[in-house]
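Residue-level listing of the chains:
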Amino acid sequence: MRPIAHFKTITKHKLLVMRYCFSVGLYRQGLLHDMSKYSPTEFWVGAKYYQGVQSPNNAERMDRGYSSAWLHHKGRNKHHFEYWLDYSLDSDKSIEGMKMPLNYAVEMFLDRVAAGKIYNGDAFTPDGPLKYYEKGHAKTLLHPKTRELLEFLLHMYAEKGEKATFSYIKMEILAKKDWNDYNNF
């Protein structure tokens with residue numbers, strides 16, 4: 001059980017995402033980002049399975065076959081695409097990703113960048129979040145427009161870096177009045 005180390009890691013991550021959210025104008029989301037990680041349901045599981053180099057949810061999954069902390073977390077944090085999974089009206093699919101509101105899709109991107117920096121430390125590279133995404137299964141569950149936006153931002157971050165990407169998000173993406181309409185970012 002490593003509660004102090006876990007507290008430091010989740011707080012470092014939360015503060016980094018908050019700084020990123022503030023830099024693009026998402027002040028409320030920055031303040032509230034990942035607050036559920038401090039709840040007993042998530043915190044004590046995280047402290048028990050803490051390793052410091054990856055999410056403790058993976059270690060809990062390996063031990064128990066599922067992650068109670070993750071199931072709690074994803075159901076309370078709209079910046080996770082899993083929050084937006086729902087039954088499909090298409091008879092060929094059972095569950096599919098709903099289109100995320102733009103502000104949460106942007107927070108999801110910022111969260112991925114911050115997580116990469118926290119878990120990789122000095123080994124972090126701008127293409128790291130893109131490589132991590134490409135190895136995962138998110139693309140199969142994301143709504144097509146949400147996937148398109150996330151991939152666009154991950155590629156931009158890998159190619160142009162943080163300053164250019166965050167500026168683009170603030171000036172070109174979030175400047176839109178309707179955060180549900182991001183057909184042409």
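Everything here concerns the structure above.
Just so it is clear, the structure is predicted and the values come from calculations on it, not from any experiment.

> Would you mind showing me how to read the pattern of salt bridges here?
If charged atoms from side chains of opposite charge come close, those side chains can pair. Evaluation of the coordinates by the stated rule reveals five salt bridges. Here K37 and D34 are joined by a salt bridge, their closest N and O atoms 3.2 Å apart. Ionic pairing is found between E148 and K145, a salt bridge with its closest N-O pair at 3.0 Å. Pair noted here: E148 and K145 are both in helix α9 (residues 144-173), with a separation of three residues, about one helical turn. Overall, the relative accessible area of 38% leaves E148 in the partly exposed class. With relative accessibility at 19%, the residue K145 sits in the buried group.

> How do you make sense of the packing of aromatic side chains when you look at a structure like this?
Given two aromatic rings, one states the distance between the centres and the angle between the planes to describe the pair. Taken as a whole and assessed by the stated rule, the structure comprises eleven aromatic pairs. Taking the centre distance of 5.9 Å and the plane angle of 70° together, the rings of F7 and Y38 count as edge-to-face. On the criterion of sequence distance, the pair formed by F7 in helix α1 (residues 3-24) and Y38 in the loop between α2 (27-32) and α3 (40-48) is long-range, its members being 31 residues apart. Given the relative accessible area of 40%, F7 is considered partly exposed. Residue classification places Y38 among the partly exposed residues on the basis of a relative accessible area of 27%. Put simply, the rings of Y20, F109, F124, Y157 and F166 touch in pairs and so form one group of aromatic residues. Seen from the ring of Y133, K139 lies directly overhead, with NZ or CZ sitting 5.1 Å from the centre.

> I would appreciate a short explanation of the nonpolar core in the present structure.
General note: in soluble globular proteins, nonpolar side chains tend to be found buried as a group. Among the nonpolar cores identified, the biggest contains 33 residues, and V24, V106, F109, L110, F166 and I169 are the most heavily contacted of them. Looking at this core, the elements that each hand over two or more residues are α1, α6 (102-120), α7 (128-135) and α9. Considering each element in turn, this core owes the most residues, ten residues, to α6. With residues up to four places along the chain from it excluded, the contact list for V106 reads V24, L26, I169, I173 and L174.

> Before we go on, may I ask you to explain the side chain of N103 in this structure?
Position of N103 among the secondary structure elements: in helix α6. Taking relative accessible area as the criterion, N103 reaches 10% and is therefore assigned buried. In terms of polar contacts, N103 uses its side chain to reach the side chain of Q29, at 2.8 Å.

> Looking at this model, I keep getting lost on a nonpolar patch on the surface. Mind explaining?
A cluster of nonpolar side chains, contributed by L31, L32 and M35, occupies part of the molecular surface with about 290 Å² of accessible area. Inspection of the secondary structure puts L31 in helix α2.

> I'm lost on α1 in this one. Help?
Along an α-helix, a turn takes 3.6 residues, which lines up residues three or four apart on a common side. Between the first and last C-alpha of α1 there are 32 Å, a value that for 22 residues agrees with the 32 Å anticipated at 1.5 Å per step. G25 occupies a position one or two residues after α1 and carries a positive phi of about 95°.

> Sorry if this is basic, but what is going on with the side chain of E107 here?
Examined against the element boundaries, E107 turns out to sit in helix α6. No salt bridge is formed by the buried E107. Its closest oppositely charged neighbour is K14, at 8.0 Å.

> In this structure, what is going on with the packing of α6 against α9? I would like to understand it.
In helix packing, the relevant descriptors are the interaxial angle and the interaxial distance, both defined with respect to the helix axes. The geometry of α6 relative to α9 is characterised by a closest axis approach of 10 Å and an angle of 80° between their N-to-C directions. By the angle between their directions, the pair α6 and α9 is classed as roughly perpendicular. Contacts between α6 and α9 pair L102, A105, V106, M108, F109, L110, R112, V113 and K117 from the former with T146, L149, L150, L153, L154, Y157, E162, T165, F166, I169 and I173 from the latter. Grouping the constituent residues of the contact of α6 with α9 by class yields 15 nonpolar, two polar and three charged.

> Looking at this model, I keep getting lost on the environment of T41. Mind explaining?
When you line up the elements, T41 lands in helix α3. What makes T41 partly exposed here is its relative accessible area of 40%. Once the C-alpha coordinates of T41 and S68 are considered, the two residues, 27 residues apart in sequence, prove to be 7.9 Å apart. With sequence-adjacent residues up to four places away left out, T41 is seen in contact with A69 and H72.

Definitions and limits used
Residues numbered from 1 in each chain as written. Predicted model: local features only at pLDDT ≥ 70, side-chain atom pairs only at ≥ 80, totals over all residues. Heavy atoms only, no water. Salt bridge = Lys/Arg side-chain N within 4 Å of Asp/Glu carboxyl O. Helix = DSSP H or I, 4+ residues; strand = E, 2+ residues; numbered from the N terminus. Buried < 20%, exposed > 50% of the residue type's maximum accessible area, 1.4 Å probe, protein only. Phe/Tyr/Trp six-rings, centres within 6.5 Å; stacked < 30°, edge-to-face > 60°. Lys NZ or Arg CZ within 6 Å of the ring centre and 35° of its normal. Core = buried A, V, L, I, M, F, W, Y, C linked by side-chain atoms within 4.5 Å. Contact = heavy atoms within 4.5 Å. Polar contact = N/O pair within 3.5 Å; in protein donor to acceptor, adjacent residues only side chain to side chain. Patch = residues over 30% accessible without salt bridge, like charges linked within 9 Å, V, L, I, M, F, W, Y side chains within 5 Å. Areas by Shrake-Rupley, 256 points an atom, 1.4 Å probe, with all protein chains shown as cover. Expected span 1.5 Å × (residues − 1). Lys, Arg positive; Asp, Glu negative; His and termini not counted. Axes fitted to C-alpha atoms, helices over the stretch in contact; angles between N-to-C directions. Parallel < 35°, antiparallel > 145°, perpendicular 65-115°, else oblique. Nonpolar A, V, L, I, M, F, W, Y, C, P; charged D, E, K, R; others polar.

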